[in-house]
Amino acid sequence: MYRIENPYLKVEVSSHGAELQSIYDKETEKEVLWQGDPKYWGRRSPILFPNVGRHSGDFYIWKEKKFSTKQHGFARDMEFSCIEEKENELVFSLQDTEKTKEYFPFSFELRITYSLSDRELQVKWEVKNRDQETMFFTIGGHPAFRVPVLEETVQTDYKLLFKGNKELEYKLICPGEGTADFSHCYKLSLEKYGEYDGCRITENMFDRDALIFDKGQVQRAAIGYPDGKPYLSLECEGFTHFGIWSVPGAPFVCLEPWMGRCDDHGFAGEISEKPGILKVEPSGTFQKSYRIKVFTPQSD
């Protein structure tokens, strides 16, 4: 376990999956990040690589060869090396192995950097193509946050908050399949909460798994206290997709910044033809980052 901290926040990261384990607010003496419970969901903030969500049929085709896959890829279950450790920054690295090439036939290095500044944590991804072929992948974050967080409140007292949106469109997951149901698009109507537009977290909001937002609609999302003021926010400028998810009845909500997502239902093309796929040329590097901000505490 590795730690960075400042006067406001203490952050812990495990080398297993380079997974964020804790965002502890030192002013409120409260944990912000979901601490995992197998009753609902045992993870906390896994890194989704080299695929976000599932491929149709749990496989993809590249150069006429079939590669079996699993939901969210393999990085979250692998051991990373911590290659830099500073007072306010940690850098982790994962490189391909013979085993990963059975799943993902490319030579790569994935670096994850956690940087702490005041009440904000930046998470940066770097994917370097060390192969002689163009590399195809998707990558995403999956941080889960405690909701509710104040005493004598319930999750449905809290709000999902956005900026620059009056209404959002989202898709749902095909039951039992893990791919996106593109046959129907749903509307999320928002109302004004101070400088944000948002909606209440409802009891049945996640009955069909994640809400999937395409077309870069969500560049900033926040969770609001019952009075609508932000508890925390996640900023992901330039991201193409976003997911919001929880297990019905579980005391957490995930805000998920994605570059790419699961396959559409029935997609049968080669991986290079997948909508939203990322590609990096030989010796090239893909970089993207998002920021988690924990707002100045509110009293219970």
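Since the model is a prediction, treat every value here as computed from it, not as a measurement.

J.: Would you take a moment to explain the overall build of the protein for this structure?
T.: Each helix and strand in the protein was counted, giving one helix and 26 strands. Against the compact-globule benchmark of 19 Å for 300 residues, the protein has a radius of gyration of 19 Å, which places it among compact chains. Taking all 300 residues of the protein together, the buried fraction comes to 55%. Pairs at least 24 apart in sequence give 65% of the contacts found in the protein among residues at least 6 apart.

J.: Please explain the pattern of salt bridges as it appears in this structure.
T.: Where side chains of opposite charge bring their charged atoms close, a pairing between them can arise. All chains considered together, the criterion is met by 28 salt bridges. The shortest N-O distance in the salt bridge between Glu27 and Arg119 comes to 2.5 Å. Placement of the pair is Glu27 in the loop between β3 (20–25) and β4 (30–31) and Arg119 in the loop between β10 (108–117) and β11 (120–129), with a sequence separation of 92 residues. Judged by its relative accessible area of 45%, Glu27 is partly exposed. Owing to a relative accessible area of 9%, Arg119 belongs among the buried residues under this scheme. Here Arg130 ties to Asp96 by a salt bridge, and the two come within 3.0 Å at their closest N and O atoms.

J.: Would you mind going over the pairing of β3 with me for this structure?
T.: For a regular strand, the rule is simple: side chains alternate between the two faces of the sheet. Across the six residues of β3, five count as buried, placing the element largely inside the fold. The sheet contact formed by strand β2 (residues 9–13) and β3 spans five bridges and is antiparallel. Following the sheet pairing, Leu9 is matched in β3 by Asp25. Between the antiparallel neighbours β2 and β3 lie six residues, among them Gly17 with a positive phi of about 75°.

J.: Looking at this structure, how should I read unusual backbone geometry?
T.: Excluding glycine, residues mostly carry a negative phi; peptide bonds, for their part, are mostly trans. In the segment running from Phe49 into Pro50, the intervening peptide bond is cis, with an omega of 5°. By secondary structure assignment, the location of Pro50 is in the loop between β5 (47–48) and β6 (59–62). Pro148 follows Val147 through a cis peptide bond whose omega is 15°. Here Pro148 is to be found in the loop between β14 (144–146) and β15 (159–162). One non-glycine residue, Ala18, adopts positive backbone phi at about 45°. Of note in the backbone geometry, Ser283 takes a positive phi value of approximately 70° without being a glycine. Topologically, Ser283 is positioned in the loop between β25 (278–280) and β26 (285–294).

J.: Sorry, what's going on with the packing of aromatic side chains here?
T.: Each aromatic ring pair is characterised by the separation of its centres together with the angle its planes make. Under the counting rule described, the total for this entry stands at 25 aromatic pairs. Pairing Phe137 with Phe286 gives two aromatic rings, centres 5.7 Å apart and planes at 80°, and the pair type is edge-to-face. Here Phe137 is found in strand β12 (residues 135–137), whereas its partner Phe286 is found in strand β26, with 149 residues between them in sequence. For Phe137, a relative accessible area of 1% corresponds to the buried category. Judged by relative accessible area, which is 13%, Phe286 ranks as buried. Centroid distance Phe162 to Phe213: 6.4 Å. Interplanar angle 55°. Geometry classified as tilted.

J.: What exactly am I supposed to notice about the pairing of strand β8 (residues 81–85) here?
T.: With four bridges joining them, β8 and strand β9 (residues 89–95) adopt antiparallel strand pairing. Each residue of the ladder has a partner; that of Cys82, found in β9, is Phe92. Where β8 folds back on β9, the antiparallel hairpin that results is connected by three residues.

Cut-offs used in this document
Residues numbered from 1 in each chain as written. Predicted model: local features only at pLDDT ≥ 70, side-chain atom pairs only at ≥ 80, totals over all residues. Heavy atoms only, no water. Helix = DSSP H or I, 4+ residues; strand = E, 2+ residues; numbered from the N terminus. Rg over C-alpha atoms; globule rule 2.2 N^0.38 Å. Buried < 20%, exposed > 50% of the residue type's maximum accessible area, 1.4 Å probe, protein only. Contact = heavy atoms within 4.5 Å. Salt bridge = Lys/Arg side-chain N within 4 Å of Asp/Glu carboxyl O. Pairing = 2+ DSSP bridges. Phe/Tyr/Trp six-rings, centres within 6.5 Å; stacked < 30°, edge-to-face > 60°.

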